[in-house]
Amino acid sequence: NVTVPTGTTLSPATNGVVGTLTLNNDLTVNGGTLAFDVTSTSSHDLLNVLGNLTINSGSVLVITNTTPLANGTYKLIQYSGGLLNGPGSSGNLIVQGFNQPGKIAALSDATPNEIDLVVSTLGGANTTWTGNDPSQPGLWDVETTKNFANSAHTPVTFVNGDKPTFDDSSTV
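**Some points on the overall build of the protein**
Scanning the protein from N- to C-terminus turns up zero helices and 15 strands. Here the C-alpha atoms of the protein give a radius of gyration of 20 Å, more than 25% beyond the 16 Å that 2.2 N^0.38 yields for 172 residues. Viewed in the frame of its principal axes, the protein has a C-alpha envelope of about 65 × 30 × 25 Å. When each of the 172 residues of the protein is scored for burial, the buried share is 40%. As displayed, the protein has an accessible area near 8,700 Å², and 51% of this comes from carbon and sulfur atoms. Of the charged side chains in the protein, 4 are positive and 12 negative; the average position of the first set lies 5 Å away from that of the second.

**Some details on the sheet that holds strand E10 (residues 103-108)**
As summarised here, the arrangement of the five strands in space is E3-E6-E8-E11-E10, forming an open sheet in which the pairing is mixed. Two strands lie at the open edges of the sheet, namely strand E3 (20-23) and E10, each paired on one side alone. Neighbour to neighbour, the strand axes of the sheet diverge by 20 degrees on average, direction disregarded. For strand E6 (residues 46-49) and strand E8 (residues 72-79), the ladder comprises three bridges, and the chain directions are parallel. In the strand pairing of E8, Val49 is matched with Tyr79.

**Observations concerning the nonpolar core**
Among soluble globular proteins, nonpolar side chains are generally buried collectively. Formed by 27 residues in total, the largest nonpolar core has its most connected members in Leu27, Leu34, Leu47, Ile77 and Leu117. Sorting the residues of this core by element identifies strand E4 (27-40), E6, strand E7 (53-63), E8, E10 and strand E11 (114-121) as the ones contributing at least two each. Per element, the largest residue contribution to this core is five residues, and it comes from E4. Once you skip the residues sitting within four places of it in the chain, Leu117 turns out to touch Val62, Leu69, Gly72, Thr73, Tyr74, Leu76, Val95, Ala105, Ala106 and Leu107.

**Details of the side chain of Asp141**
Structurally, the position occupied by Asp141 is in the loop between strand E12 (126-129) and strand E13 (148-149). No salt bridge is formed by the buried Asp141; its nearest oppositely charged neighbour, Lys146, is found at 11 Å. Separated by 2.5 Å, the side chains of Asp141 and Thr145 make a polar contact.

**A closer look at the environment of Pro134**
Structurally, Pro134 is set in the loop between E12 and E13. A relative accessible area of 80% places Pro134 in the exposed class. For the pair Pro134 and Ala152, spaced 18 residues apart in sequence, the C-alpha separation works out to 19 Å.

**Some details on the packing of aromatic side chains**
Two numbers describe a pair of aromatic rings. These are the distance of the centres and the angle of the planes. One pass over the structure, following the stated rule, counts eight aromatic pairs. With 6.1 Å between their ring centres and 35 degrees between their planes, Trp129 and Phe166 make a pair best called tilted. Of the two residues, Trp129 sits in strand E12 while Phe166 sits in the segment after strand E15 (163-165), which places them 37 residues apart along the sequence. The exposure class of Phe166 is partly exposed, given its relative accessible area of 47%. Joined through ring pairs, the aromatic side chains of Trp129, Trp140, Phe148, Phe158 and Phe166 make up one cluster.

**Side note on the pattern of salt bridges**
Applying the stated criterion to the full structure yields one salt bridge. The partner of Lys75 in a salt bridge is Glu114, and the shortest N-O contact between them spans 3.8 Å. Here Lys75, found in strand E8, pairs with Glu114, found in strand E11; they are 39 residues apart in sequence, far enough to count as distant. By relative accessible area, which is 26% here, Lys75 ends up partly exposed.

Reading the values: rules and limits
Residues numbered from 1 in each chain as written. Predicted model: local features only at pLDDT ≥ 70, side-chain atom pairs only at ≥ 80, totals over all residues. Heavy atoms only, no water. Helix = DSSP H or I, 4+ residues; strand = E, 2+ residues; numbered from the N terminus. Rg over C-alpha atoms; globule rule 2.2 N^0.38 Å. Buried < 20%, exposed > 50% of the residue type's maximum accessible area, 1.4 Å probe, protein only. Areas by Shrake-Rupley, 256 points an atom, 1.4 Å probe, with all protein chains shown as cover. Lys, Arg positive; Asp, Glu negative; His and termini not counted. Charge placed at Lys NZ, Arg CZ, Asp CG, Glu CD. Pairing = 2+ DSSP bridges. Axes fitted to C-alpha atoms, helices over the stretch in contact; angles between N-to-C directions. Core = buried A, V, L, I, M, F, W, Y, C linked by side-chain atoms within 4.5 Å. Contact = heavy atoms within 4.5 Å. Salt bridge = Lys/Arg side-chain N within 4 Å of Asp/Glu carboxyl O. Polar contact = N/O pair within 3.5 Å; in protein donor to acceptor, adjacent residues only side chain to side chain. Phe/Tyr/Trp six-rings, centres within 6.5 Å; stacked < 30°, edge-to-face > 60°.

So, in structure tokens, the structure goes:
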């Protein structure tokens, strides 16, 4: 069994190199840091635990080497046993090292036997519905069609978390 206590770091490979580390038994994260190189959804470190996973506290250090990460799900930990703290225990880990303007990173254990890094667009902008996209006027979707305008009146897509205003300015 492997325990990652406060003041220690476990990484599947050398920093700057993508790799997989397989542990033949249980892993307990108890205040330590798990460091992962992440460059794309298909190229990132993986920690493969062939036993149970216990997440009491700690952090996940995301190393991107200046490559911006696209929105998506990045599997960081795969385990074949149980998640002993139960559903939602990935929230016991703090994401560190991720700093991309307009993006947010969170950990998820929603997929059975995985801990995933989920990168998404940070919402919360004040927008106004215009419905003026030339190819899809009137269509409201997420991060695809520019049927909203920002405060500078520039066409933008809707992002989950945005605060849209619907007024009489739309021509649709």
